[in-house]
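In case you want the letters, here they are:
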Amino acid sequence: SMEGVVKVSAKDLTTNTVHDHFARAVVVTLPLGVLQNRDVTFLPALPPGKLKAIDLIGNGIVNKAIVYWDQTKQDVSSWWPYGQMDFQLITDQDADSEEWTWFVNDQAHEGNEANYILTAWSGGTATRYLEKE
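Residues numbered from 1 in each chain as written. Predicted model: local features only at pLDDT ≥ 70, side-chain atom pairs only at ≥ 80, totals over all residues. Heavy atoms only, no water.

Undergrad: Even after reading the chapter, I still don't get the layout of surface pockets, so can you show me in this structure?
TA: In this approach the atoms are scanned with a rolling probe the size of a water molecule, which exposes any empty space left behind. Empty space within the largest pocket amounts to approximately 880 Å³. Forming the boundary of the largest pocket are 20 residues, of which Val6, Lys7, Thr41, Phe42 and Leu43 lie nearest the centre. If one sorts the elements of the lining of the largest pocket by residue count, strand β1 (residues 6-12) sits on top with five residues. (1 Å grid on protein atoms, 1.4 Å probe; cavity = no way out; pocket = protein on both sides within 12 Å on 5 of 7 lines; lining within 4 Å. Points joined across faces, edges and corners; volume = space filled by probe spheres on them. Helix = DSSP H or I, 4+ residues; strand = E, 2+ residues; numbered from the N terminus.)

Below you can see the structure in the form of structure tokens.
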């Protein structure tokens, strides 16, 4: 091994060929389940404290829907959240429920001003209900 160099070996499952990549540093962005299942080998191994932290991270059910409106077919200007990056739907029942819905106004991003796109995220019991549908 070379001092100060990171080696990443990746196996191409279609050809069964292993490709080695070298760098000074690596940012690892793996799904939590892959890390928790130890599906990737780190050499040297990750310290026990890091492995414990990975194991303690939980997750839940979350759904995401991206909705687009064609302004030439439907005028949304009376209710569109112009200039608002994100907002949350709150109803009378939400105060003591585990339900939540959060929206991101993708139009608020620079370069998207002509687009009418909302990304909706839902979680909690509402999402469990949606998953059963």
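On we go from here.
Undergrad: Can you walk me through a nonpolar patch on the surface in this structure?
TA: Taken together, the side chains of Val8, Val26, Val28, Leu30 and Val40 make up a nonpolar region of the molecular surface, amounting to roughly 330 Å² of accessible area. By the element assignment, valine 26 lies in the loop between β2 (17-23) and α1 (32-36). (Patch = residues over 30% accessible without salt bridge, like charges linked within 9 Å, V, L, I, M, F, W, Y side chains within 5 Å. Areas by Shrake-Rupley, 256 points an atom, 1.4 Å probe, with all protein chains shown as cover. Salt bridge = Lys/Arg side-chain N within 4 Å of Asp/Glu carboxyl O.)

Undergrad: I would appreciate a short explanation of the sheet that holds strand β3 (residues 62-69) in the present structure.
TA: Think of a sheet as strands paired side by side through backbone hydrogen bonds, with each pair either parallel or antiparallel. Taken in spatial order, the four strands make up an open sheet running β3-β6-β5-β4, and their pairing is antiparallel. Looking at which strands have only one partner, the edges of the open sheet turn out to be β3 and β4 (86-89). Here the strands of the sheet are splayed against their neighbours by 20° on average, with no regard to which way each runs. Pairing of strand β5 (residues 100-105) with strand β6 (residues 116-123) involves six bridges; the strand directions are antiparallel. By the bridge assignment for β6, tryptophan 102 is matched with tryptophan 121. Against the sheet, helix α3 (residues 125-132) engages β3 and β6, with an angle of about 100° to β6. (Pairing = 2+ DSSP bridges. Axes fitted to C-alpha atoms, helices over the stretch in contact; angles between N-to-C directions. Contact = heavy atoms within 4.5 Å.)

Undergrad: I tried to follow the side chain of asparagine 105 on my own but got confused; where do I start?
TA: Along the chain, asparagine 105 falls in strand β5. A polar atom in the side chain of asparagine 105 sits 3.2 Å from the backbone oxygen of glutamine 84. Filtering out sequence-adjacent residues up to four positions away, asparagine 105 remains in contact with Trp80, Pro81, Gln84, Met85, Ile117 and Leu118. (Polar contact = N/O pair within 3.5 Å; in protein donor to acceptor, adjacent residues only side chain to side chain.)

Undergrad: Help me out: how do you make sense of the pattern of salt bridges in this one?
TA: Think of it this way: side chains of opposite charge can pair up when their charged atoms draw near. Inspection of every chain in the model, using the stated rule, returns two salt bridges. Across the pair aspartate 20 and lysine 7 runs a salt bridge, and its minimum N-O distance is 3.8 Å. Here aspartate 20, found in strand β2, pairs with lysine 7, found in strand β1; they are 13 residues apart in sequence, far enough to count as distant. A relative accessible area of 38% means that aspartate 20 is categorised as partly exposed. (Buried < 20%, exposed > 50% of the residue type's maximum accessible area, 1.4 Å probe, protein only.)

Undergrad: Please explain the environment of glutamine 107 as it appears in this structure.
TA: Mapped onto the fold, glutamine 107 is located in the loop between β5 and β6. Once the C-alpha coordinates of glutamine 107 and lysine 132 are considered, the two residues, 25 residues apart in sequence, prove to be 31 Å apart. If we skip the residues at most four places from it in the chain, glutamine 107 touches Trp80, Tyr82, Asn112, Glu113, Asn115, Tyr116 and Ile117. Within the structure, the side chain of glutamine 107 is placed 3.4 Å from the backbone oxygen of asparagine 115, a separation counted as a polar contact.

Undergrad: How should I be thinking about the nonpolar core in this particular structure?
TA: Side chains that are nonpolar tend, in soluble globular proteins, to be buried together. In terms of nonpolar packing, the biggest core is built from seven residues, these being Trp69, Val76, Trp80, Phe103, Tyr116, Leu118 and Ala120. The biggest single contributor to this core is β6, with three residues. Each residue touching alanine 120, except ones within four places of it in the same chain, is listed here: Asn63, Lys64, Ala65, Trp102 and Phe103. (Core = buried A, V, L, I, M, F, W, Y, C linked by side-chain atoms within 4.5 Å.)

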